[in-house]
Amino acid sequence: MTLSQQIVTVALIVLATMLTRFLPFLLFPAGKPTPNYIRYLGKVLPSAVFGLLVIYSLRNVSVLTGSHALPELLSIALVIVLHCWKRQMLLSIAGGTVCYMLLVQLVF
């Protein structure tokens with residue numbers, strides 16, 4: 001890339017970042033109530049994203065070959081137990097990830 005192309009690229013990245021940061025405050029000012037559909041999306045989308053991540057993560061798992069999906073099932077069980085016990089999303093995600101990586105690297 002030439003210097004002018006680099007400058008334009010950085011400028012566009014800065015503009016896009018600022019737009020995504022400031023646009024919600026411009027569309028939904030503090031004095032006005034948040035529209036119902038935005039509140040609905042705020043309630044529904046986190047669960048939908050996690051469902052999508054589970055499906056995406058498990059799409060290529062085969063119970064008929066290799067480790068028969070044991071690392072995945074054990075890690076999912078740990079995520080469920082940690083979440084029910086502590087109710088902390090980051091702990092659940094980190095615990096499941098560490099468990100899976102340890103099982104794959106050291107056991108299976």
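Above this note sits the structure.
Values in this document were obtained by computation on a predicted structure and should not be read as measured data. (Residues numbered from 1 in each chain as written. Predicted model: local features only at pLDDT ≥ 70, side-chain atom pairs only at ≥ 80, totals over all residues. Heavy atoms only, no water.)

**Student:** Give me the packing of aromatic side chains: which residues, what numbers.
**Tutor:** Following the criterion strictly, the structure yields zero aromatic pairs and no others. Here the basic side chain of Lys-86 rests over the ring of Trp-85, its NZ or CZ set 4.5 Å away from the ring centre. (Phe/Tyr/Trp six-rings, centres within 6.5 Å; stacked < 30°, edge-to-face > 60°. Lys NZ or Arg CZ within 6 Å of the ring centre and 35° of its normal.)

**Student:** Which residues make up helix H4 (residues 89-107), and what values go with them?
**Tutor:** For H4, spanning 19 residues, the distance from its first C-alpha to its last is 26 Å, which sits close to the expected 27 Å at 1.5 Å a residue. Each element contacted by the buried residues of H4 is listed here: helix H3 (70-86). (Helix = DSSP H or I, 4+ residues; strand = E, 2+ residues; numbered from the N terminus. Expected span 1.5 Å × (residues − 1). Contact = heavy atoms within 4.5 Å.)

**Student:** Lay out the side chain of Ser-92 with the relevant residues and their values.
**Tutor:** Inspection of the secondary structure puts Ser-92 in helix H4. Residue classification places Ser-92 among the buried positions, given a relative accessible area of 3%. Excluding anything up to four places from it in sequence, Ser-92 contacts Val-79, Leu-82 and His-83. (Buried < 20%, exposed > 50% of the residue type's maximum accessible area, 1.4 Å probe, protein only.)

**Student:** Which residues make up the side chain of Ser-75, and what values go with them?
**Tutor:** With respect to the element layout, Ser-75 can be found in helix H3. Its relative accessible area of 5% is what places Ser-75 among the buried residues. If near-sequence neighbours (up to four positions away) are discounted, Ser-75 is found in contact with Gly-96, Cys-99, Tyr-100 and Leu-103.

**Student:** Run through the packing of H3 against H4, naming residues and quoting values.
**Tutor:** Axis angle and axis distance: for two packed helices, these are the angle between their axes and the distance between the axes, and together they describe the pair. Between H3 and H4, whose axes approach to 8 Å, the crossing angle comes to 155°. When the axis of H3 is compared with that of H4, the two are roughly antiparallel. For the pair H3 and H4, the sense of crossing is right-handed. Within the contact between the two elements, H3 uses Pro-71, Glu-72, Leu-74, Ser-75, Leu-78, Val-79, Leu-82, His-83 and Lys-86 and H4 uses Leu-91, Ser-92, Gly-95, Gly-96, Cys-99, Tyr-100, Leu-103 and Val-104. Partitioning the contact of H3 with H4 into residue classes produces ten nonpolar, five polar and two charged. (Axes fitted to C-alpha atoms, helices over the stretch in contact; angles between N-to-C directions. Parallel < 35°, antiparallel > 145°, perpendicular 65-115°, else oblique. Left-handed = near helix turned anticlockwise from the far one by under 90°. Nonpolar A, V, L, I, M, F, W, Y, C, P; charged D, E, K, R; others polar.)

**Student:** A description of H3 should follow, citing residues and the corresponding values.
**Tutor:** With 17 residues, H3 extends 24 Å between its outermost C-alpha atoms, agreeing within 8% with the 24 Å of an ideal straight helix rising 1.5 Å per residue. For H3, every residue scored as buried is listed here: Pro-71, Glu-72, Ser-75 and Leu-82. The buried residues of H3 occupy an angular sector of 95° when projected down its axis, which confines them to one face. Away from its buried face, by an angle of more than 90 degrees, H3 presents the exposed residues Leu-73, Val-81, Cys-84 and Trp-85. Tucked inside the fold, the buried residues of H3 contact helix H2 (36-58) and H4. Arg-87 sits one or two residues past H3 and shows a positive phi near 55°. (Arc of directions from axis to C-beta.)

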